[in-house]
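# Observations on the three-dimensional arrangement
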Amino acid sequence: MEKSLDSGQILTSLVEILEEITQDWDTELSGKIGADTLLMNDLTFESIDVVMLIVAIEERFKKTGMPFEELLMIDGRYVDDLRVSELVSFLETHLNGGGA
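I will try to describe carefully the structure that is included in this document.

Reading the values: the criteria
- Residues numbered from 1 in each chain as written.
- Predicted model: local features only at pLDDT ≥ 70, side-chain atom pairs only at ≥ 80, totals over all residues.
- Heavy atoms only, no water.
- 1 Å grid on protein atoms, 1.4 Å probe; cavity = no way out; pocket = protein on both sides within 12 Å on 5 of 7 lines; lining within 4 Å.
- Points joined across faces, edges and corners; volume = space filled by probe spheres on them.
- Nonpolar A, V, L, I, M, F, W, Y, C, P; charged D, E, K, R; others polar.
- Helix = DSSP H or I, 4+ residues; strand = E, 2+ residues; numbered from the N terminus.
- Expected span 1.5 Å × (residues − 1).
- Buried < 20%, exposed > 50% of the residue type's maximum accessible area, 1.4 Å probe, protein only.
- Contact = heavy atoms within 4.5 Å.
- Polar contact = N/O pair within 3.5 Å; in protein donor to acceptor, adjacent residues only side chain to side chain.
- Salt bridge = Lys/Arg side-chain N within 4 Å of Asp/Glu carboxyl O.

### What about the layout of surface pockets?
- Its boundaries defined by the atoms lining it, the second largest pocket holds a volume of some 160 Å³.
- Taken together, M40, F45, E46, S47, V50, L72, Y78 and V79 make up the full set of residues lining the second largest pocket.
- Of the residues that constitute the lining of the second largest pocket, the class distribution is six nonpolar, one polar and one charged.

This is how it looks when you write it as structure tokens:
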């Protein structure tokens, strides 16, 4: 049985992924990426960037097929923005065997 990941480990990995993706970007963020960082507002993410992020997450955690649409859509519409902490909670559930 695989060891489960806690939210701190997931946050650390996620911040590393986000820093890699955004290293050459001119973002609105002052300071470091953290749990309260907003993907669209602070990091100037666009839809294609979200797709790149999902691929990077699946590669990093070696798990594909997670239901990211649960996180990205509400009532059939895409969410306006997403906090890093929301992504951490989602990943904690789905990487540790919870969820569908």
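### Section: helix α1 (residues 7-22)
- With 16 residues, α1 should cover 22 Å at 1.5 Å per step; its first-to-last C-alpha distance of 22 Å lies within 8% of that length.
- The complete set of buried residues in α1 reads I10, S13, L14, V15, I17, L18, I21 and T22.
- Of the surrounding elements, those touching the buried residues of α1 are α2 (47-61) and α4 (84-95).
- With a side-chain oxygen positioned 2.9 Å from the backbone nitrogen of G8, the residue opening α1 is D6.

### Digging into the side chain of T22
- Turning to its location among the elements, T22 is positioned in helix α1.
- Its relative accessible area of 9% is what places T22 among the buried residues.
- Polar contacts involving the side chain of T22 include one to the main-chain carbonyl oxygen of L18, which spans 2.7 Å.
- Look past the residues within four positions of T22 in its chain and what remains in contact with it is T27, I33, L43 and F45.

### Quick look at the pattern of salt bridges
- Applying the stated rule across the entire model yields two salt bridges.
- Between E16 and R60 there is a salt bridge, and its shortest N-O distance comes to 2.8 Å. Note that E16 is positioned in helix α1 and R60 in helix α2, a separation of 44 residues in sequence.
- R60 sits in the partly exposed class, given a relative accessible area of 30%.
- Ionic pairing is found between R60 and E20, a salt bridge with its closest N-O pair at 3.7 Å. Here R60, found in helix α2, pairs with E20, found in helix α1; they are 40 residues apart in sequence, far enough to count as distant.
- Several salt bridges converge on common partners, so that one network encompasses E16, E20 and R60.

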